[in-house]
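Coordinate analysis (summary)
Below, each chain spelled out in residue letters.
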Amino acid sequence: LCRIHRHLGATVHGINHLGDWGMPFAKMMTAYMRWGNEQELHRSPMRYMFDLYKRYGQEVKVHPELDNEAAAHFQALERNAGAERKLWLFLRDESLKAFQGPYSRLGVTFDHVTGESFFENKMEAAMQRVARAGVLEDSEGAQVVWLKELGIKEPCLLRKSDGTTLYHTRDLAAAFWREEQYHPDRILYVVGAEQKLHFDQLKGVLTRMQEKVAAAVEHVPFGLVLSRTEDGKWEKFASRAGNAVFLDEILDEAVAKVRAIIREKNPDLPDADAVAEQVGVSAIVFNDLKNSRIKDVKFDWDAMLNFEGETGPYVQYACARLASILRKVDAPVTAPSAVDFTQLADAERVLLTMLDFGPAVQRAAEQSEPSIVTAQTIALAGEIHSYLRDHYVLGAEPAVRDARLFLVDAARRLLTTGLALLGIAAPERM
């Protein structure tokens with residue numbers, strides 16, 4: 001979405017709003033204090049922290065007092081106590097370093113990494129602002145905003161009875177800060193569909209406060225990733241242990257599968273490892289983005305890596321095929337002023353598809369729907385493949401050849417742009 005809006009000329013601030021505060025982090029800290037080992041952590045940070053967090057979940061069933069211990073640590077953290085603050089910084093920094101690996105492979109960059117903790121010293125001012133608006137009420141020792149008049153039955157809890165804050169408190173502080181810093185027309189919260197109530201409540205509180213920024217808040221939900229079970233059913237993605245799957249393992253497996261396909265179909269391909277990385281990673285990204293974002297994603301290796309279906313490799317192959325044609329031409333592509341475009345009367349379907357590229361990107365931005373761009377690249381790849389199947393380029397007479405080469409070059413550039421908006425590479429050889 002950042003790339004799409006920037007392509008259309010918008011000023012965009014891509015923010016990684018990390019969940020680095022609150023009770024989940026306090027539980028992680030409690031688990032590390034009890035069972036942590038720094039050497040094991042450095043060996044594999046994400047897996048080790050995941051295992052610790054999972055252990056906490058198991059232990060708390062037997063020892064519910066663990067939650068009281070975690071709550072006490074969070075209270076100490078919000079008071080800026082030394083031991084908790086030091087451990088929090090350590091675990092947060094280790095997490096950030098570990099995240100950078102998958103981010104880099106996926107081509108993900110951020111303009112700002114301002115997670116929940118960034119708003120720690122801004123929450124009290126946010127609470128005072130809510131109180132001044134006259135919508136904050138006490139409820140059994142906690143502080144809430146009721147939203148029944150907006151059709152939301154559940155009140156928005158902003159401060160618990162023990163005085164600690166919640167996601168909503170930090171999201172309110174973040175909304176006020178972003179309004180002041182960026183004066184945004186739109187604030188897109190790209191978060192799973194299961195958080196719909198949370199963002200309805202956030203927007204509801206801002207609406208009740210009559211804050212201008214309420215109109216800018218937009219939840220951009222997305223569905224689950226599903227994997228096929230042994231009996232052929234589709235279920236929420238889970239590891240063999242039944243809990244989670246690590247992204248780097250998925251990326252490695254995708255790249256390995258593409259490398260095997262290359263060895264079989266094009267063993268002499270230059271830079272085969274680099275191409276395998278580009279195609280393997282892109283296949284996963286494309287599969288995630290090709291359907292409406294609210295739909296669940298079916299994770300099917302055979303379908304994803306198919307070079308003939310509606311897949312990333314299919315579109316990438318179209319780019320490589322067009323690049324191959326252009327490499328065989330000794331001279332540069334003819335300038336537009338010298339092209340006889342009447343020679344492209346038989347390319348109407350390709351040209352009409354290309355003509356819709358700009359409006360498609362515009363619709364994708366308006367609807368926060370990258371699948372519109374994905375569909376456009378699939379359509380153009382299909383049309384250019386069909387056209388080249390029935391029409392010679394290099395063997396045609398000069399005027400026709402020049403026009404078709406111009407078409408080939410334009411289609412390649414448009415496909416490359418479309419893939420780039422999706423964060424996908426366009427290899428020149430496959």
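Residues numbered from 1 in each chain as written. Predicted model: local features only at pLDDT ≥ 70, side-chain atom pairs only at ≥ 80, totals over all residues. Heavy atoms only, no water.

Another aspect to go through is the sheet that holds strand E6 (residues 225–228). Whether parallel or antiparallel, the strands of a sheet pair through hydrogen bonds between backbone atoms. Overall, mixed pairing links the 3 strands, which are arranged E7-E6-E8 in an open sheet. Of all the strands in the sheet, the pair left with one neighbour each is strand E7 (234–236) and strand E8 (297–299). Going across the sheet, the axis of each strand differs from the next one's by a mean of 40°, ignoring polarity. Relative to E7, E6 runs antiparallel, the two sharing 3 bridges. (Pairing = 2+ DSSP bridges. Helix = DSSP H or I, 4+ residues; strand = E, 2+ residues; numbered from the N terminus. Axes fitted to C-alpha atoms, helices over the stretch in contact; angles between N-to-C directions.)

This part is about the pattern of salt bridges. The tally for this structure, following the rule as stated, stands at 25 salt bridges. With its nearest N and O atoms 2.7 Å apart, the salt bridge here joins Asp252 to Arg105. You can see Asp252 sitting in helix H10 (residues 247–265) and its partner Arg105 sitting in helix H6 (residues 82–106), a full 147 residues away along the chain. Note that Asp356 and Arg363 form a salt bridge whose closest N and O atoms lie 3.4 Å from each other. For Arg363, a relative accessible area of 32% puts it in the partly exposed group. (Salt bridge = Lys/Arg side-chain N within 4 Å of Asp/Glu carboxyl O. Buried < 20%, exposed > 50% of the residue type's maximum accessible area, 1.4 Å probe, protein only.)

Within the secondary structure, Ala142 sits in strand E2 (residues 142–145). Along the chain, Ala142 and Lys27 lie 115 residues apart, while their C-alpha atoms are 22 Å from each other. Ignoring anything within four residues of it in the chain, the contact list for Ala142 reads Glu137, Leu157, Arg159, Lys160 and Ser161. (Contact = heavy atoms within 4.5 Å.)

Within the largest apolar cluster, 51 residues are counted, with the highest numbers of intra-cluster contacts made by Leu91, Leu172 and Leu206. No other element matches the 8 residues that helix H2 (residues 23–35) contributes to this core. Those residues in contact with Leu91 that sit more than four places away from it in its chain are Phe25, Met28, Met29, Tyr32, Leu41 and Met49. Judged by nonpolar contacts, the second largest core, of 42 residues, contains Ile4, Ala318, Ala347 and Ala403. (Core = buried A, V, L, I, M, F, W, Y, C linked by side-chain atoms within 4.5 Å.)

According to the stated counting rule, one finds 12 aromatic pairs in the structure shown. Residues Tyr32 and Phe90 carry aromatic rings whose centres are separated by 6.0 Å and whose planes lie at 55° to one another, so their mutual orientation is tilted. Here the residue Tyr32 occupies a position in helix H2, and Phe90 occupies one in helix H6, the gap between them amounting to 58 residues. We classify Phe90 as partly exposed; its relative accessible area is 22%. A centroid spacing of 5.0 Å and a plane angle of 75° characterise the contact between Phe118 and Trp177, whose relative ring orientation is edge-to-face. Of this pair, Phe118 sits in the loop between H6 and helix H7 (123–132) while Trp177 is found in helix H8 (residues 167–182), placing the two residues 59 residues apart along the sequence. Among the aromatic residues, ring-to-ring pairing joins Phe118, Phe119, Trp177 and Tyr182 into one connected group. Lying across the ring of Phe246, Arg47 places its NZ or CZ 4.5 Å from the centre. (Phe/Tyr/Trp six-rings, centres within 6.5 Å; stacked < 30°, edge-to-face > 60°. Lys NZ or Arg CZ within 6 Å of the ring centre and 35° of its normal.)

Let us look at the sheet that holds E2. On the basis of which strands lie adjacent, the open sheet formed by 3 strands has the order E1-E2-E3 and antiparallel pairing. Each having just a single partner strand, strand E1 (137–139) and strand E3 (156–159) make up the two edges of the open sheet. Strand after strand, the sheet turns through a mean of 45° between neighbouring axes, direction not considered. Direction of pairing for E1 relative to E2: antiparallel, over a ladder of 3 bridges. Within the sheet, the bridge partner assigned to Asp138 lies in E2 and is Gln143.

This part takes up the pairing of strand E5 (residues 217–220). Here strand E4 (residues 187–190) runs beside E5; their pairing, made up of 4 bridges, is parallel. The partner of Leu188 across the bridge, within E5, is Glu218. Chirality of the crossover, the property in question, places the unit of E4, helix H9 (residues 196–208) and E5 among those that are right-handed. (Right-handed = clockwise from strand over helix to strand, strands pointing away.)

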